[in-house]
Amino acid sequence: MSTTRAAAILLAKELRLEFRSREILTATVVFSLVVITFFSYVFEPTAAESRRYGPGLLWIAFLFAGSLMLHPSFAREQNNETLDALRMAPITPFAILLGKLLSNFVFMSLTELVLVPVFAVFYNLSLAGIAGRLTLVLMLGTLGLVTTGTVFSAISAHARMRELLLPLLLLPILAPLLIAAVEATAGLFAEQPALDRTWVAFLAGFDIVFFSASWLLCNFLVEE
Amino acid sequence: MRFRIISTLFVAALVFSAGYAALFIAPDESTMHEVQRIFYFHVPSWITSFTAFAVVFASNILYLTTRRLQWDCLGVAAAEVGVACCSIGLITGPLWARPVWGIWWTWDARLTTTFILWLLYISYLLLRGLLEDPQKRASLSAIFGIFAFLDVPLVYMSNRLWRTQHPQPVFFGEQGSGVDPTMSKVLLLCVISMFAVMIPVLIDRYRLEKLRHEYDELRLEVENRVTDPRFVPTGGHA
C-alpha cells in the first residue's frame, strides 16, 4: 500500500474516532477559551492594546492548547496496545506518523477556526480583509506545532509522567515558531495590515526543517 | 591509580594557574576594570558547554546509525557536562552584566538562545529519567536530542531578526577585535583548563553510565535465571 493511501486511511480512522467522542476538540476549545478569558485580566482590552498584546496572546493560547491536545495522539494507542497492530500492518512508519500528523493538523485547525473569530470579537479586532493572509500564517504555524508535537507525543507516550512531559519537551522547541508566528500575526492586526514576508519564510523554514527531520527519524520513532 | 593522582595534580595546577593569570596577570580593561575579569570564566564555560552539546548531537546520530549503547552513554555524559557548563555561563553572565550594563538580564539573541538551549538539555535529561526501557530511552532521547540541536540555530535566527526590528535594549559592545595579546593568551589558558576539568568529568561519567548498563543487564539475567524453572542453584550447601 502506498504511503499516501495508508496515511489517508489512518487519518479517516482518527477523524472517525474523534467525531464519535468529540473529547479532544471540546476540551481543546474550552481550554483555549479559558486562556483567552484570563488574558483579559492582564491588560485593558481596548483596540489599541489588543493590537499590541493580542497576537502573542492568541499564539500562546494555541501553543498551550496544542501541547495538551497532542498528548492523546500516541498515548491512546499506547494505552490500548494498538500501536503494535499499526506496526504490524504492511505500511511504512512514515505513513503512521503522517496519518497522526494530518489528523492533529485538522483538530488544531478546527480549534483555530472557532477561536480566531471569538478572539476578534472579544478583543475588538477586525478580520475583514486579512482573512486569507491570516489563514496562511495560521496554517504555517499550526503545521510546525503539530509536526514537532506529534513526534514528541510518540516520544512521551513511552515515558512516565507523560502528560507533564509533553509540554516540557515541546514548548522550548517552539520558541522560534512563537516569535515568527506572533510577529507575522502582529503585522496583520496592525492599523495598516501587511504580511511580513521574512516571518512567513521563517515559519515555512521551521516547518521544512522539522518535517524533514521527522521523515528521516520516523523509523526509529515507531519501532518496537 | 598513579596516573589518576598525577593527572589530578596536573589539572589542579592548570586550574590554579589559569585562575591566577585571569586575576593578576591579565591587563586591566579600560572601561570595565576589575569586573571584566569574570570574562575569563564566562567565555570558557560557554565554549565548553557548546562543545559538549555538539558531542551530544554527534553521539545521538551515531547511536541511531550504529545502535551501540556506548554512544547513548556518551550522549548522557556530554549532556550533563554541557548543562553544568551552561549553568556556570548563565550564573557568571548576570553577575557581569549587572555592574556593566546596569541590568541582570536582557532578552538579547545570544542570552535567549543560551537560556533556551539550557532548558532543552534539561528536558533531554528529564526525558531520559522518565523512560524505563534502556533501548527505548536511548533511541527516543536521541531523536529528541537531534530535534533540540536543530532548534538552536532557529532560536538564534528568530531572536536576531526579532530584536533588529525592535529598539535595542541597553547593550554594551562585545569584545572587539583589538584585544590585548596578553588577554587572549590568558583566555586561551582558561579555555584549556576548563576543558581539562570537563574532559575527565565527561570520561568518568561515561564510564559510570556504561557500568550502570552492565549492572542492569546482569541483574536482568539473574532475575531471568531465578524465575526459570530449569534453574538449579549451584555452589551452595545442599
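The rules behind each value
- Residues numbered from 1 in each chain as written.
- Chains lettered and ligands numbered in written order.
- Predicted model: local features only at pLDDT ≥ 70, side-chain atom pairs only at ≥ 80, totals over all residues.
- Axes fitted to C-alpha atoms, helices over the stretch in contact; angles between N-to-C directions.
- Helix = DSSP H or I, 4+ residues; strand = E, 2+ residues; numbered from the N terminus.
- Parallel < 35°, antiparallel > 145°, perpendicular 65-115°, else oblique.
- Left-handed = near helix turned anticlockwise from the far one by under 90°.
- Contact = placed C-beta atoms within 7 Å.
- Nonpolar A, V, L, I, M, F, W, Y, C, P; charged D, E, K, R; others polar.
- Core = buried A, V, L, I, M, F, W, Y, C linked by C-beta atoms within 7 Å.
- Buried ≥ 20, exposed ≤ 12 C-beta atoms within 10 Å, placed from the backbone.
- Expected span 1.5 Å × (residues − 1).

Asks: Explain the packing of helix α1 (residues 2-25) of chain B against helix α6 (residues 181-227) of chain B to me, please; I cannot follow it from the model alone.
Replies: What describes two packed helices is the angle between their axes and the distance between those same axes. Residue and element names in this part refer to chain B. Two elements in contact, α1 and α6, have axes separated by 9 Å at closest approach and are oriented at 150°. The angle between α1 and α6 falls in the class roughly antiparallel. Viewed along their axes, α1 and α6 form a crossing whose handedness is left-handed. Contacts between α1 and α6 involve S7, V11, L14, V15, S17, A18, A21, A22 and I25 on the former and, on the latter, T182, V186, L189, C190, I192, S193, A196, V197 and P200. Grouping the amino acids of the contact of α1 with α6 by side-chain chemistry returns 14 nonpolar, 4 polar and no charged.

Asks: I would appreciate a short explanation of the nonpolar core in the present structure.
Replies: Nonpolar side chains in soluble globular proteins generally cluster together in the buried interior. Core analysis: the largest hydrophobic core is formed by 110 residues, its most contacted members being A180 and L203 of chain A together with Y121, F144 and C190 of chain B. Beyond its immediate chain neighbours, meaning those up to four positions away, Y121 of chain B contacts F53, A79, G82, V83 and A148 of chain B.

Asks: Explain the interface of chain B and chain A here, please?
Replies: Frequently, the measure chosen for interface size is the accessible area that the parts lose on association. On the side of chain A, 25 residues touch chain B, which itself brings 25 residues to the contact. Within the residue set of the side of chain B that touches chain A, elements represented by two or more residues are α4 (109-130) and α5 (134-164) of chain B. Ranked by residues supplied to the side of chain B that touches chain A, first place goes to α5 of chain B with 16 residues. Looking at the side of chain B that touches chain A, its residues break down into 19 nonpolar, 4 polar and 2 charged.

Asks: I keep staring at the environment of V118 of chain A and nothing clicks. Help me out?
Replies: Its place among the elements puts V118 of chain A in helix α6 (residues 93-122). When the C-alpha atoms of V118 of chain A and R5 of chain A are compared, they prove to be 36 Å apart, with 113 residues separating the residues in sequence.

Asks: Help me understand unusual backbone geometry, please; the structure alone is not making it clear to me.
Replies: For residues besides glycine, phi is generally negative; the peptide bonds are generally trans as well. Residues and elements named next belong to chain A. Located in the positive-phi region is E81, a residue other than glycine, with phi close to 55°. Looking at the element boundaries, E81 is found in the loop between α4 (71-79) and α5 (83-88). With phi around 55°, N124 is a residue other than glycine that occupies positive phi space. Structurally, the position occupied by N124 is in the loop between α6 and α7 (131-156).

Asks: Help me understand helix α3 (residues 69-101) of chain B in this model?
Replies: Owing to its 3.6 residues per turn, the α-helix aligns residues three or four sequence positions apart on the same side. Over its 33 residues, α3 of chain B extends 46 Å from the first C-alpha to the last, a length consistent with the 48 Å expected when each residue adds 1.5 Å. Backbone geometry just after α3 of chain B places G102 of chain B at a positive phi near 85°.

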